[in-house]
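Chain and residue survey
If you want the building blocks of each chain, they are given just below.
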Amino acid sequence: MDNKYIVYLVEDEKNLAEILKAYLTREGWEVHHFADGQDAYEAINHATPHIWILDIMLPNMDGYQLLKAIKTKHDTPVIFISARDKDLDRVLGLELGSDDYLAKPFLPEELIIRVKRILSRTYTSQKTEQKRIEVNGYFIDPTTRNIYDGNHLVEMTTKELDLIILLTSKVGKAFSREEIIDYVWGSDYYGSERAVDDVVRRLRKKLPRLHVETLYGFGYRVLSS
């Protein structure tokens, strides 16, 4: 990647943090490490990185509180990492707006793959302008990655935006869970298909007039009415 991306790594395990920082720096990225939740929280107001890598168990402030604070101020992508209850932390992280989740222990190479994919999808500029879409009173602009309810900008996470752009690219077309995962998470995604259902549930809350139909055993589609 040509871009000089800035990565904020929040991890209190010293040895793991040093290993991860070394791998991330090797990619040419500028890495800032925080070992304390409060220190990371204070950094939210001073600068905006391109991505956060955020442990859940931290001194002084846990990852959940940090994630809420980050997503309140910015739509910066966040990867959650945790050694606790994998299913509980994954679901809670997705609910709060995390963009990906890794359960400890994991290979540093796997984290690099996840980071690269999110950075590419979030910050690589599109060469062709995509047509603005109107569905049930919502205006979706794939080029600027904004969604409006009338004149009101709807706050969305990166994964929610990716999914709604896919589903509304062909209104009425059914997309399988495999197609959705490949588009939103990437072909190298190792997690559960339940992540798709979690994001769809959040979309329905944020865009209640949008008719996202469940096709049981297959996937989802958006209908125009």
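Everything below is about the structure shown above.
Here's what I pulled together on the structure shown here.

Thresholds, definitions, all that
- Residues numbered from 1 in each chain as written.
- Predicted model: local features only at pLDDT ≥ 70, side-chain atom pairs only at ≥ 80, totals over all residues.
- Heavy atoms only, no water.
- Helix = DSSP H or I, 4+ residues; strand = E, 2+ residues; numbered from the N terminus.
- Buried < 20%, exposed > 50% of the residue type's maximum accessible area, 1.4 Å probe, protein only.
- Axes fitted to C-alpha atoms, helices over the stretch in contact; angles between N-to-C directions.
- Parallel < 35°, antiparallel > 145°, perpendicular 65-115°, else oblique.
- Left-handed = near helix turned anticlockwise from the far one by under 90°.
- Contact = heavy atoms within 4.5 Å.
- Nonpolar A, V, L, I, M, F, W, Y, C, P; charged D, E, K, R; others polar.
- Phe/Tyr/Trp six-rings, centres within 6.5 Å; stacked < 30°, edge-to-face > 60°.
- Polar contact = N/O pair within 3.5 Å; in protein donor to acceptor, adjacent residues only side chain to side chain.

Note the cis peptide between Lys104 and Pro105, where omega equals -5 degrees. Among the structural elements, Pro105 can be located in the loop between strand E5 (100-103) and helix H5 (108-123). One non-glycine residue, Asn136, lies in the positive phi region at around 50 degrees. By secondary structure assignment, the location of Asn136 is in the loop between strand E6 (133-135) and strand E7 (138-141). What makes Asn136 partly exposed here is its relative accessible area of 21%.

Now for the packing of helix H1 (residues 14-26) against H5. Across the interface, H1 lies against H5 with an axial gap of 10 Å and an inter-helix angle of 50 degrees. The angle between H1 and H5 places the two elements in the oblique class. Crossing angle aside, the handedness with which H1 passes H5 is right-handed. In this structure, H1 uses Ile19, Leu20, Tyr23 and Leu24 to contact H5, whose residues at the interface are Pro108, Glu109, Leu111, Ile112 and Val115. Grouping the amino acids of the contact of H1 with H5 by side-chain chemistry returns eight nonpolar, no polar and one charged.

All right, on to the packing of helix H6 (residues 158-169) against helix H7 (residues 177-184) then. Running from N to C, H6 and H7 cross one another at 125 degrees; their axes reach a closest spacing of 10 Å. For the element pair H6 / H7, the angle class is oblique. Considering the relative orientation of H6 and H7, their crossing is right-handed. Seen from H6, the contacting residues are Lys159, Asp162, Leu163, Ile165, Leu166 and Leu167; seen from H7, they are Glu179, Ile180, Tyr183 and Val184. Within the contact of H6 with H7, the residues separate by chemical class into seven nonpolar, no polar and three charged.

It is worth spelling out the packing of aromatic side chains at this point. Within this structure, the stated rule accounts for four aromatic pairs. Both rings, one in Tyr8 and one in Trp52, keep their centres 5.0 Å apart while their planes meet at 85 degrees; by these two values the pair is edge-to-face. In this pair, Tyr8 is assigned in strand E1 (residues 6-10) and Trp52 in strand E3 (residues 51-55), connecting sequence segments 44 residues apart. The pair Tyr8 / Trp52 is uniform in exposure class, with both members buried.

This brings us to the side chain of Asp55. With respect to the helices and strands, Asp55 occurs in strand E3. Polar contacts involving the side chain of Asp55 include one to the side chain of Lys104, which spans 3.3 Å. In this structure Asp55 touches Val10, Glu11, Asp12, Gly63, Ile81, Ser82 and Lys104, once residues within four positions along its chain are discounted.

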